Amino acid sequence: MVVALNVTDGEQGGWAVLHVSGELDLVTSPVLRQRVHDAVAEGRHSLVLDLSEVLFCDSSGVGVLIAARRLIRSCQGSLRLILPARGAADGSHVNRVLGALGVRRLFDVHPDLDSATEAEAGPLSA
């Protein structure tokens, strides 16, 4: 069974939102990388990546998330991830992968879209 990556655009409370579903791996991660670059090129520097429906994430997917953080930070923007702590199979796969790699602390993580978009956007810190 082949699971593709699907990325859809949205906006909420002044935040650009990319809803990501499917598998984030070596084959599909360039799609998300390009969508993040496109959003930044359009001047959208407050970005939420909704990863709650990502079923699988490998190291190339993690690399795209770290690169997105770096890009948004270079624009004095804000990046937030939606990674539910509970849900299908007891939580987001991406949440578990980022935690296992010790890089989850680099990201501003929220459980849902409302909490990710309700607070004022500030620039990413170190």
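Here is what the cut-offs are and how they apply
Residues numbered from 1 in each chain as written. Predicted model: local features only at pLDDT ≥ 70, side-chain atom pairs only at ≥ 80, totals over all residues. Heavy atoms only, no water. Helix = DSSP H or I, 4+ residues; strand = E, 2+ residues; numbered from the N terminus. Buried < 20%, exposed > 50% of the residue type's maximum accessible area, 1.4 Å probe, protein only. Contact = heavy atoms within 4.5 Å. Areas by Shrake-Rupley, 256 points an atom, 1.4 Å probe, with all protein chains shown as cover. Pairing = 2+ DSSP bridges. Axes fitted to C-alpha atoms, helices over the stretch in contact; angles between N-to-C directions. Core = buried A, V, L, I, M, F, W, Y, C linked by side-chain atoms within 4.5 Å.

Participant: What exactly am I supposed to notice about the overall build of the protein here?
Facilitator: The helix and strand tally for the protein stands at four helices and five strands. Listed N to C, the secondary structure of the protein is β-β-α-β-α-β-α-β-α in terms of helices and strands. Classification of the 126 residues of the protein by burial places 46% in the buried group. For the protein, the proportion of contacts with a sequence separation of at least 24, taken over those separated by at least 6, is 73%. Approximately 6500 Å² of the protein is accessible, and the part contributed by carbon and sulfur atoms is 53%.

Participant: Explanation requested: the sheet that holds strand β2 (residues 15–24) in the structure shown.
Facilitator: Paired through backbone hydrogen bonds, the strands of a sheet run either parallel or antiparallel to each other. The strand order across the open sheet formed by five strands is β1-β2-β3-β4-β5, and the pairing between neighbours is mixed. Each edge of the open sheet is held by one strand with a lone partner, namely β1 (6–12) and β5 (108–110). Taking the axes of each pair of neighbouring strands and ignoring which way they run, one obtains an average angle of 25 degrees across the sheet. Here helix α3 (residues 93–101) sits on the sheet and contacts β3 (46–57) and β4 (78–82); the angle it forms with β3, its principal contact strand, is near 95 degrees.

Participant: Sorry if this is basic, but what is going on with unusual backbone geometry here?
Facilitator: Phi is mostly negative for residues that are not glycine, and the peptide bonds are mostly trans. The phi torsion at Q76 lies on the positive side, around 60 degrees, for a residue other than glycine. One can find Q76 in the loop between α2 (59–74) and β4.

Participant: I'm lost on the nonpolar core in this one. Help?
Facilitator: In summary, soluble globular proteins display a tendency toward joint burial of nonpolar side chains. Counting 29 residues, the largest nonpolar core has L32, L47, L49, L51 and L98 as its most contacted members. Put simply, the parts of the chain that give this core at least two residues each are β2, α1 (29–41), β3, α2, β4 and α3. The residues touching L98, leaving out its near neighbours within four places in the chain, are V62, L65, L81, L83, V103, R104 and F107.

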